[in-house]
Amino acid sequence: MPDGGEAVTVKVLAGLDDMSAGQWDTCAGTGDPFVRHSFLSALEDSRSACGESGWQPQHLVIEDDAGTAMACAPLYLKNHSYGEYVFDWAWADAYGRAGGDYYPKLQAAVPFTPVTGRRLLVRPDTAAATGELEDLLVAGMVHLAERL
């Protein structure tokens, strides 16, 4: 658990094949099949969730100094709103008229679904540090979004 003295590494995965199913699923738990490695990996392996389809995987993982995943989040870089349950072209258009760039956007989501649920996935045996790990995930997301 991060206590201020322990080194952690924040990684961006270009796909779930870059992480073992066991490590991801230990963080994801068993309560939501839509954030399990097998479901998200099937979307990527079928090329349904890939850069060409508008769902470029950019999954965030926090590892301890031994390389064990402590927390993760399913993230996708989007360059358009196709394939989303709620199309937000009106928001993108309005933001553009106001001088902003709506795309690319980074989403903590499950592709093609309106399902709700946790997206900040933390190992249950790090429960005492859950808030800290969630904060690190969010900070990593902000940094990644700014970089992209």
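Above this text you will find the structure in question.
A.B. asks: Describe the sheet that holds strand 3 (residues 59–64), naming the residues involved and giving the relevant values.
C.D. replies: Strand order in the open sheet made by the four strands is 1-3-4-7, with antiparallel pairing throughout. Every other strand in the sheet has two partners, leaving strand 1 (8–13) and strand 7 (121–122) as the edge strands with one partner each. Sheet analysis places strand 4 (residues 69–73) next to strand 7, joined by two bridges and oriented antiparallel. Among the inter-strand pairings, Cys72 is bridged to a residue of strand 7, identified as Leu121. Set on the sheet, helix 1 (residues 21–28) makes contact with strand 3, strand 4 and strand 7; between it and strand 4 the angle comes to about 75°.

A.B. asks: So what's going on with the sheet that holds strand 6 (residues 105–108)? Residues and values would help.
C.D. replies: Spatial strand order, 2-5-6: three strands in an open sheet with antiparallel pairing. The strands lining the two open edges of the sheet, one partner per strand, are strand 2 (56–57) and strand 6. The pairing of strand 2 with strand 5 (residues 75–78) spans two bridges and is classified as antiparallel. Its bridge partner lying in strand 5, Gln56 is registered against Leu77.

A.B. asks: Please set out the packing of aromatic side chains residue by residue, giving values where relevant.
C.D. replies: For the coordinates displayed, the defined rule picks out three aromatic pairs. Each ring, one from Phe34 and one from Phe39, has its centre 5.2 Å from the other, and the planes form 85°; the classification is edge-to-face. Judged by relative accessible area, which is 29%, Phe34 ranks as partly exposed. You can call Phe39 partly exposed: its relative accessible area is 27%. Taken together, a centroid distance of 5.7 Å and an interplanar angle of 80° make the contact between Trp55 and Tyr76 edge-to-face. Note that Trp55 is positioned in the loop between helix 2 (37–45) and strand 2 and Tyr76 in strand 5, a separation of 21 residues in sequence. Each member of the pair, Trp55 as well as Tyr76, is classed as buried.

A.B. asks: Account for the pairing of strand 6, naming residues and giving values.
C.D. replies: Of the two faces of strand 6, the one lined by Lys105 and Gln107 is fully buried and the one lined by Leu106 and Ala108 carries no buried residue. Examined bridge by bridge, strand 5 and strand 6 share four bridges and lie antiparallel to one another. Paired with Leu75 across the bridge in strand 6 is Ala108.

A.B. asks: Talk me through helix 1; I want residue IDs and the actual numbers.
C.D. replies: Burial in helix 1 covers these residues: Trp24, Asp25, Cys27 and Ala28. Buried residues along helix 1 cover an arc of 155° about the axis, so they all sit on one side. Lining the buried residues of helix 1 we find helix 2, strand 3, strand 4 and strand 7. Positive phi appears at Gly29, one or two residues downstream of helix 1, with a value of about 80°.

Parameters and conventions
Residues numbered from 1 in each chain as written. Predicted model: local features only at pLDDT ≥ 70, side-chain atom pairs only at ≥ 80, totals over all residues. Heavy atoms only, no water. Pairing = 2+ DSSP bridges. Helix = DSSP H or I, 4+ residues; strand = E, 2+ residues; numbered from the N terminus. Contact = heavy atoms within 4.5 Å. Axes fitted to C-alpha atoms, helices over the stretch in contact; angles between N-to-C directions. Phe/Tyr/Trp six-rings, centres within 6.5 Å; stacked < 30°, edge-to-face > 60°. Buried < 20%, exposed > 50% of the residue type's maximum accessible area, 1.4 Å probe, protein only. Arc of directions from axis to C-beta.

Geometric values such as these leave the question of function open.
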